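Here is what each chain is made of, one letter per residue.
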Amino acid sequence: MAWQDDAGRDLVRSFGERMAMLVRGEGSYLWDADGKRYLDFLAGIAVDSLGHAHPVFVEAIATQAATLAHVSNYFATPPQLELAARLKRLAGTGESGRVYFGNSGAEANEAAFKLARLHGGADRPRILALKDAFHGRTMGTLALTGKPWMQEPFLPMTPGVEFIDSSVEALEAAMDDRVAALFVEPVKGEAGVIDLPEGFLQAAREITRSHGALLIVDEIQTGAGRTGEWFAFQHAGIVPDAITVAKGMGGGFPIGAMITFGAASDLFYPGTHGSTFGGNALGTAVAGAVLGEIERAGLVENAAERGEQLRTAILGIDSDLIGGVRGRGLLLGVALTHPIAKAVVAAAQEHGLIINAPNDETIRLVPALTIGDVEIDEFVSLFAHALSTVADALLLENTTEVHA
Ligand SMILES: *Cc1c(COP(=O)(O)O)cnc(C)c1O
């Protein structure tokens, strides 16, 4: 098949085989090169907040591209300043907050890593991060990512980062006055949608504050309304020192940001960081329009309500393969009772449903924040169908084994 051959020959091998050749999207639906339609419950990995080809997204790109796309950070532009003010308001930083713009999640976390070093200086060389949390694939953010198998081929890492269990006891044991910052992923998405223990963020805020360390919350997957609040830290009622945002804030346009609170906003000074593309007029106009539409259409509330509806509907599916549902809002992980997530993803695709398996025992659901009854009903029917296809195949295998 032509596209598989081209992809296999021409694209970097760091990604697995491409699942399909997609040519078009509209709302929560995608079409492949053969005209087959899919219900999209992956949304570009929690990126396409408004679904595909949303008129607000399309209009923002077209209008800004025809007005002013890029001028460099030697200049300010109206969309950049509007987005910075909007992010400060949504994150609740008050006057003193500041925003750094990059083009991806990793770039936002690189900025946060440098923020931690600026805060720590020579006296605070230690940085704490959580085991299994994901913070990115660049050399800096990989050093923050508590997954030894990901780091292993690229050792040595940038020094100073130590990984702890996601428990208050582990944090208390590791913390001292030589820690510059604690990095937290509030729901561990890539690890399989793992919630933090109840009360962890509040305790982390207290413990970091009492030792003079920064609390940096990676909201790259959880931010922009996905968990049913604008940012996941807001469920805990705390004020962090910095958050990083990317995936959903651009609705499909690559953009990331670090938002600082209070005194942490004064750490960067001229010459300490930068980006050629970061904060360009085109990207900031699109992100501003996407966040504006999330606000106008009440999609943060929709994420909270539809998330609960989806959770209830999944738990109502009559299948021994479902062990439970983790996560919050429209960042959900379906725990499977057998390590068959890859087979479920493949069966779902056969049936016209796109979902994702962050590991062998979890299905991650991160649909557009715009979903309603129609998408949820269709999802439940397709997902149940995929589960029963896999259950039948498993049974068949067992039977074959018995007869062999
Ligand atoms: C996706 C993700 C990143 C990395 O973002 P990129 O845009 O892929 O660089 C970092 N942290 C978290 C929590 C993520 O989900």
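Residues numbered from 1 in each chain as written. Predicted model: local features only at pLDDT ≥ 70, side-chain atom pairs only at ≥ 80, totals over all residues. Heavy atoms only, no water.

Moving on, we come to the overall build of the protein. On a plain count of helices and strands, the protein comes out with 13 helices and 17 strands. In terms of C-alpha radius of gyration, the protein reaches 22 Å, essentially the compact-globule figure of 22 Å for 404 residues. Within the protein, the proportion of its 404 residues that are buried is 54%. Here the analysis covers contacts within the protein between residues at least 6 apart in sequence; of these, 70% occur between residues at least 24 apart. Only carbon and sulfur atoms are counted for the fraction: they give 56% of the accessible area of the protein, which is about 18100 Å². On the protein, the mean spot of the 30 positive side-chain charges and the mean spot of the 50 negative ones are 6 Å from each other. (Helix = DSSP H or I, 4+ residues; strand = E, 2+ residues; numbered from the N terminus. Rg over C-alpha atoms; globule rule 2.2 N^0.38 Å. Buried < 20%, exposed > 50% of the residue type's maximum accessible area, 1.4 Å probe, protein only. Contact = heavy atoms within 4.5 Å. Areas by Shrake-Rupley, 256 points an atom, 1.4 Å probe, with all protein chains shown as cover. Lys, Arg positive; Asp, Glu negative; His and termini not counted. Charge placed at Lys NZ, Arg CZ, Asp CG, Glu CD.)

Moving on, we come to the site of the ligand. Every residue near the ligand is listed here: S104, G105, A106, N109, F134, H135, G136, E185, D218, I220, Q221 and K247. Here a nitrogen atom of the ligand sits 2.7 Å away from a polar atom, N or O, in the side chain of D218. Here Q221 contributes a side-chain N or O atom positioned 2.9 Å from an oxygen atom of the ligand. About the coverage of the ligand: the protein hides 81% of its 390 Å² of free accessible area. Sorting elements by how many residues they give to the shell around the ligand places helix 5 (residues 105-120) first, with 3 residues. The class makeup of the residues in the shell around the ligand is 3 nonpolar, 6 polar and 3 charged. (Near = heavy atom within 4 Å. Polar contact = N/O pair within 3.5 Å; in protein donor to acceptor, adjacent residues only side chain to side chain. Nonpolar A, V, L, I, M, F, W, Y, C, P; charged D, E, K, R; others polar.)

Look at helix 3 (residues 55-65) against helix 10 (residues 281-296): their axes get within 9 Å of each other, and the N-to-C directions meet at 150 degrees. On the basis of the axis angle, helix 3 is roughly antiparallel to helix 10. Taken as a pair, helix 3 and helix 10 cross one another with a handedness that is right-handed. Taken together, the residues of helix 10 that come into contact with helix 3 (itself represented by V56, F57, A60, I61, Q64 and A65) are A281, L282, A285, V286, A289, V290 and E293. Considering only residue class, the contact of helix 3 with helix 10 consists of 11 nonpolar, 1 polar and 1 charged. (Axes fitted to C-alpha atoms, helices over the stretch in contact; angles between N-to-C directions. Parallel < 35°, antiparallel > 145°, perpendicular 65-115°, else oblique. Left-handed = near helix turned anticlockwise from the far one by under 90°.)

Attention now goes to the sheet that holds strand 1 (residues 22-26). The 4 strands are arranged 1-2-3-15 in an open sheet whose pairing can be described as mixed. For this open sheet the edge positions go to strand 1 and strand 15 (353-354), each flanked by a neighbour on one side alone. As judged from the 2 bridges shared by strand 3 (residues 37-40) and strand 15, these two strands associate in the parallel manner. For D40, the partnering residue across the bridge sits in strand 15 and is I354. (Pairing = 2+ DSSP bridges.)

For the rest of this paragraph, the subject is the packing of aromatic side chains. Tallying each qualifying case throughout the model produces 4 aromatic pairs. A ring pair is formed by F231 and F233, whose centres lie 6.3 Å apart and whose planes are at 10 degrees; its orientation type is stacked. Judged by its relative accessible area of 2%, F233 falls in the buried class. Ring geometry for F233 versus F261: centroids 5.9 Å apart, planes at 90 degrees, classification edge-to-face. One end of the pair, F233, is in the loop between strand 10 (214-218) and strand 11 (242-245); the other, F261, is in the loop between strand 12 (256-260) and helix 10, with 28 residues separating them in the sequence. (Phe/Tyr/Trp six-rings, centres within 6.5 Å; stacked < 30°, edge-to-face > 60°.)

It is worth spelling out the domain arrangement of the protein at this point. Domain parsing of the protein yields domain 1 (1-38), domain 2 (56-296) and domain 3 (298-376). Put simply, the middle of domain 2 and the middle of domain 3, counted by C-alpha atoms, are 26 Å apart. With 22 residues of domain 2 in contact, the opposing surface of domain 3 contributes 21 residues. For the domain 2 and domain 3 pair, buried surface summed over both sides reaches about 1600 Å², with 57% attributable to carbon and sulfur atoms. When residues of domain 2 are sorted by the area they lose upon contact with domain 3, V193, R226 and I294 head the list and together hold 39% of the total. Where domain 2 packs against domain 3, one counts 1 salt bridge. Where domain 2 packs against domain 3, one counts 13 residue pairs in polar contact (both at pLDDT 80 or more). Mapped onto the side of domain 2 that touches domain 3, the elements with two or more residues apiece are strand 9 (194-195) and helix 10. (Domains from an automatic or database assignment. Buried area = accessible area lost by both parts, 1.4 Å probe. Salt bridge = Lys/Arg side-chain N within 4 Å of Asp/Glu carboxyl O.)

Turning our attention to the packing of helix 4 (residues 78-91) against helix 10. For any two helices packed against each other, the geometry comes down to the angle between their axes and how far apart the axes lie. Orientation of helix 4 relative to helix 10, taken along the N-to-C sense of each, is 40 degrees, at an axis distance of 8 Å. The angle between helix 4 and helix 10 places the two elements in the oblique class. By crossing handedness, the relation of helix 4 to helix 10 is classed as left-handed. Residues P79, Q80, L83, R86, L87, R89 and L90 of helix 4 form the contact with helix 10, whose participating residues are A281, T284, A285, A287, G288, L291, G292 and E295.

This next bit is on helix 3. The complete set of buried residues in helix 3 reads F57, A60 and Q64. The buried residues of helix 3 occupy one face: seen down the axis, they fall within an arc of 65 degrees. The elements touched by buried residues of helix 3 are helix 4 and helix 10. (Arc of directions from axis to C-beta.)

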